[in-house]
Amino acid sequence: MTPTPPLFLLLLCLIGAQATVDLRTAAAMAAGLCKTRPTDIVFIVDSSRSVRPSEFEQVKVFLAKVIEGLNVGPNATRVGVVNYASRVKNEVSLKTHRTKAGLIKAVTKIEPLSTGTMTGLSIQFAMNVAFSESEGARVKSPDISKVAIIVTDGRPQDNVKEVAQRARDAGIELFAIGVGRVDMSTLKQMASDPLDDHVDYVESYSSIEKLTKKFQEAFCDTVSDLCATGDHDCEQVCISSPGSYKCACKDGFTLMDNGRSCSACSNSATDVVFLIDGSKSVRPENFELVKKWINQIIDKLDVSESKAHVGLVQYSSSVRQEFPLSRFNNKKDLKEAVKKMAYMERGTMTGQALRYLTDNSFAAGQGARPGVAKVGIVFTDGRSQDYIGDAAKKAKEHGFKMYAVGVGNAVEAELKEIASEPTGEHYFYTADFKAMTQIAKKLQINICQEDDPCECDSLVKFQKKVEDALQRIALLENKIV
């Protein structure tokens, strides 16, 4: 009996903000298995004169999408909205709307105040009024969470440090979202610890919707049947247990040491080149996260003289080869070289970088091996400043397997243009650099060719099409109904 190729389960996107309501959360919500824990949530929204009317509309879309994922009800999640500029207005009380439809309709009617930026005053107002029992807040209890989500685009005209500390001391968990020219130190003064989980930044209001995913996940309790919702990384068979799971393989396959992957054959040689965006929008702290992400993927490769070889190229306004495919043949030296990569900054010439990849990185003179599978992994965090179409097409015409990973302000249309077919398996987007570690965890190392599952290439395989996951959701919904 010839073993059939593995079936991979995906838990990826829905919309990007962190970009597309994460499929894991979406699957659980669609199946009715994911319930938001009882929470009093108050959005504190900056509508000062620096926020244009069209930008304020984008904030309201973001609020509506977060609300759409909540389990709204008097005994579940209650939502309020505070609008502020030089003055503060309680637009929606926690007690006012008991349904999503009513809440979302109320949000659409909010108008900007268009004056100053009294952020400290708005936090004080939230403590004294919005989170008061008279406005619908529930009595303080370990079973009820109190959460404030602050959205602002400027430097406050009053003090926020002390009032934010008082709010946190009162048991309110503070999230701070900054837009554009916001003062980052102010966001850190407001937010709860750990700051990595409670501070978010987007370059423009057009990107704020991409943070939806984060807050969908933040307010969604873990579901009990992780196999049913696809919330696992088993390659073939998932066996559920209360709050956990274990992986198994089909007949003819063997479970690998990582406890997730199944193998019917050994991995063959592969040349892998990372093409990394080092533009100034990435920022130094995020560039360090990118380097950790690269090393996570290297850890999953069988690096040796005869198996996987890895090259690294960084680009911004120009292109710089960090090291060629022929330089290293062990993981230790590779990872050390990645850690030493210096951040270039400047522009985003993705098209130029793709041409370099095609013309140089996979050339025999750089260590590329004839007859060996070629894999390009492109990372970017923004729109390319040059045309990418011809270079992306040429890379695929040369037979290179191209993967595209985008973060933040990356343009999904460009990612899809770079990615090999089927694009749903070859590109990934997240709004948050901190989520890149999750991308690396969801990458699968084995790919077998269609006519013979033992003709394997050792390259990076994204786990499953969104369409397949949605079909599973539909089947699960039918069973529940």
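Computed from a predicted model, the values in this text were never measured in an experiment.

**Examining the side chain of Asn 409**
Now for step 1: Along the chain, Asn 409 turns up in the loop between strand E15 (401-407) and helix H14 (412-418).
Now for step 2: A polar side-chain atom of Asn 409 sits 2.4 Å from a polar atom in the side chain of Ser 207.
Now for step 3: Excluding its chain neighbours within four sequence positions, the residues that come into contact with Asn 409 are Glu 203, Ser 207, Lys 210, Asp 381, Gly 382, Arg 383 and Tyr 429.

**Section: the side chain of Thr 117**
Now for step 1: Within the element layout of this structure, Thr 117 appears in the loop between helix H3 (100-108) and helix H4 (119-130).
Now for step 2: For Thr 117, the side chain forms a polar contact with the side chain of Ser 48, separated by 3.4 Å.
Now for step 3: Every residue in contact with Thr 117, bar those within four places of it in the chain, is listed here: Asp 46, Ser 48, Tyr 84, Ala 85, Ser 86, Thr 152, Arg 155, Pro 156, Gln 157 and Asp 158.

**Some words on the packing of aromatic side chains**
How two aromatic rings sit relative to each other is given by the distance of their centres and the angle of their planes.
Now for step 1: Under the definition given, this model contains 7 aromatic pairs.
Now for step 2: Ring centres of Phe 175 and Phe 215 lie 5.3 Å apart, and the angle between their planes is 75°; this geometry places the pair in the edge-to-face category. Of this pair, Phe 175 sits in strand E5 (residues 172-179) while Phe 215 sits in helix H8 (residues 212-218); the two residues are 40 residues apart in sequence, bridging distant segments of the chain. Grouping residues by exposure puts Phe 175 and Phe 215 together as buried.
Now for step 3: For the ring pair Phe 274 and Trp 293, a centre distance of 6.4 Å and an interplane angle of 80° mean the geometry is edge-to-face.

**Quick word on the sheet that holds strand E2 (residues 77-84)**
Now for step 1: What the 6 strands build is an open sheet, ordered E3-E2-E1-E4-E5-E6; its pairing is mixed. Two strands bound the open sheet, and with one partner strand each, they are strand E3 (88-92) and strand E6 (199-202). This sheet shows a mean twist of 20° between the axes of neighbouring strands, independent of strand direction.
Now for step 2: As defined by bridge partners, strand E1 (residues 39-46) adjoins strand E4 (residues 145-152) across 7 bridges and the pair is classed as parallel. The partner of Phe 43 across the bridge, within E4, is Ile 149.
Now for step 3: Along the sheet, helix H2 (residues 53-68) makes contact with E1, E2 and E5, crossing E1 at roughly 170°.

**Remarks on the sheet that holds strand E16 (residues 427-430)**
Now for step 1: Ordered by their spatial adjacency, 6 strands build an open sheet running E13-E12-E11-E14-E15-E16, and the pairing between neighbours is mixed. Two strands lie at the open edges of the sheet, namely strand E13 (319-323) and E16, each paired on one side alone. On average, adjacent strands in this sheet sit at an angle of 15° to one another, irrespective of strand direction.
Now for step 2: Relative to E15, strand E14 (residues 373-380) is paired through 6 bridges, and the arrangement is parallel. By the bridge assignment, Thr 380 is partnered in E15 with Gly 406.
Now for step 3: Sitting on the sheet, helix H10 (residues 284-300) is in contact with strand E11 (270-277), strand E12 (308-315), E14 and E15, with an inclination near 170° to E11.

**As for the confidence of the model for the chain**
Now for step 1: For the chain, per-residue confidence averages 80 on the pLDDT scale, and residues scoring 70 or more make up 77% of the total.
Now for step 2: pLDDT under 50 marks residues 1-34. Its contacts with residues more than four places away, or in other chains, come to 119 contacts.
Now for step 3: Confidence drops under pLDDT 50 across residues 445-467; counting only partners more than four residues distant or on other chains, this segment forms 84 contacts.

**A look at the environment of Ser 281**
Now for step 1: By the secondary structure assignment, Ser 281 is in the loop between E11 and H10.
Now for step 2: In sequence terms Ser 281 and Glu 203 are 78 residues apart; their C-alpha atoms lie 8.8 Å from each other.
Now for step 3: Leaving out residues up to four positions away in the same chain, Ser 281 has contacts with Glu 203, Tyr 343 and Asp 381.
Now for step 4: Polar side-chain contacts of Ser 281 include one of 2.9 Å to the side chain of Asp 381.

**A few points about unusual backbone geometry**
Now for step 1: Following Asp 193, the chain continues to Pro 194 via a peptide bond in cis, the omega torsion being -5°.
Now for step 2: Looking at the element boundaries, Pro 194 is found in the loop between helix H6 (184-190) and helix H7 (195-198).
Now for step 3: Although it is not a glycine, Arg 283 adopts a positive phi angle of roughly 75°.
Now for step 4: With respect to the element layout, Arg 283 can be found in the loop between E11 and H10.
Now for step 5: Accessibility expressed as a relative area gives 28% for Arg 283, which makes it partly exposed.
Now for step 6: Backbone geometry places Glu 345, a non-glycine residue, at a positive phi of 70°.
Now for step 7: As for its placement among the helices and strands, Glu 345 is situated in the loop between helix H11 (331-339) and helix H12 (350-361).

**Let's talk about the environment of Thr 117**
Now for step 1: Look at Thr 117 and you get buried, because its relative accessible area is 9%.
Now for step 2: In this structure the C-alpha to C-alpha distance between Thr 117 and Arg 49, which are 68 residues apart in sequence, comes to 8.3 Å.

**Description of the pattern of salt bridges**
Now for step 1: What the rule picks out here adds up to 16 salt bridges.
Now for step 2: The salt bridge involving Asp 40 is made with Lys 146; its shortest N-O contact spans 2.7 Å. With Asp 40 in strand E1 and Lys 146 in strand E4, the pair connects residues that are 106 residues apart, well separated along the chain. The exposure classification of Asp 40 matches that of Lys 146, with both residues buried.

**Side note on the state of the cysteines**
Now for step 1: Taken as a whole, this structure holds 1 disulfide when the rule is applied.
Now for step 2: Bridging Cys 234 to Cys 247, the disulfide has an S-S length of 1.9 Å. Note on the Cys 234 and Cys 247 pair: the S-S dihedral is about -80°, so by sign convention the disulfide is left-handed. With a gap of 13 residues between them, Cys 234 in the loop between helix H9 (226-229) and strand E7 (237-241) and Cys 247 in strand E8 (residues 244-248) connect regions that are remote in the sequence. The pair formed by Cys 234 and Cys 247 is uniform in burial state, with each residue classed as buried.

**What about the packing of H4 against helix H5 (residues 161-169)?**
Now for step 1: For the pair H4 and H5, the least separation of the axes is 9 Å and the interaxial angle reads 25°. Relative to H5, the element H4 is oriented roughly parallel. Here H4 runs over H5; the crossing is left-handed. Side by side, H4 and H5 meet where Gly 120, Ile 123, Gln 124 and Met 127 of the first sit next to Val 163, Ala 164, Arg 166 and Ala 167 of the second.
Now for step 2: Residues belonging to the contact of H4 with H5 are distributed by class as follows: 5 nonpolar, 2 polar and 1 charged.

Parameters and conventions
Residues numbered from 1 in each chain as written. Predicted model: local features only at pLDDT ≥ 70, side-chain atom pairs only at ≥ 80, totals over all residues. Heavy atoms only, no water. Helix = DSSP H or I, 4+ residues; strand = E, 2+ residues; numbered from the N terminus. Polar contact = N/O pair within 3.5 Å; in protein donor to acceptor, adjacent residues only side chain to side chain. Contact = heavy atoms within 4.5 Å. Phe/Tyr/Trp six-rings, centres within 6.5 Å; stacked < 30°, edge-to-face > 60°. Buried < 20%, exposed > 50% of the residue type's maximum accessible area, 1.4 Å probe, protein only. Pairing = 2+ DSSP bridges. Axes fitted to C-alpha atoms, helices over the stretch in contact; angles between N-to-C directions. pLDDT = per-residue confidence, 0-100. Salt bridge = Lys/Arg side-chain N within 4 Å of Asp/Glu carboxyl O. Disulfide = S-S within 2.5 Å. Parallel < 35°, antiparallel > 145°, perpendicular 65-115°, else oblique. Left-handed = near helix turned anticlockwise from the far one by under 90°. Nonpolar A, V, L, I, M, F, W, Y, C, P; charged D, E, K, R; others polar.

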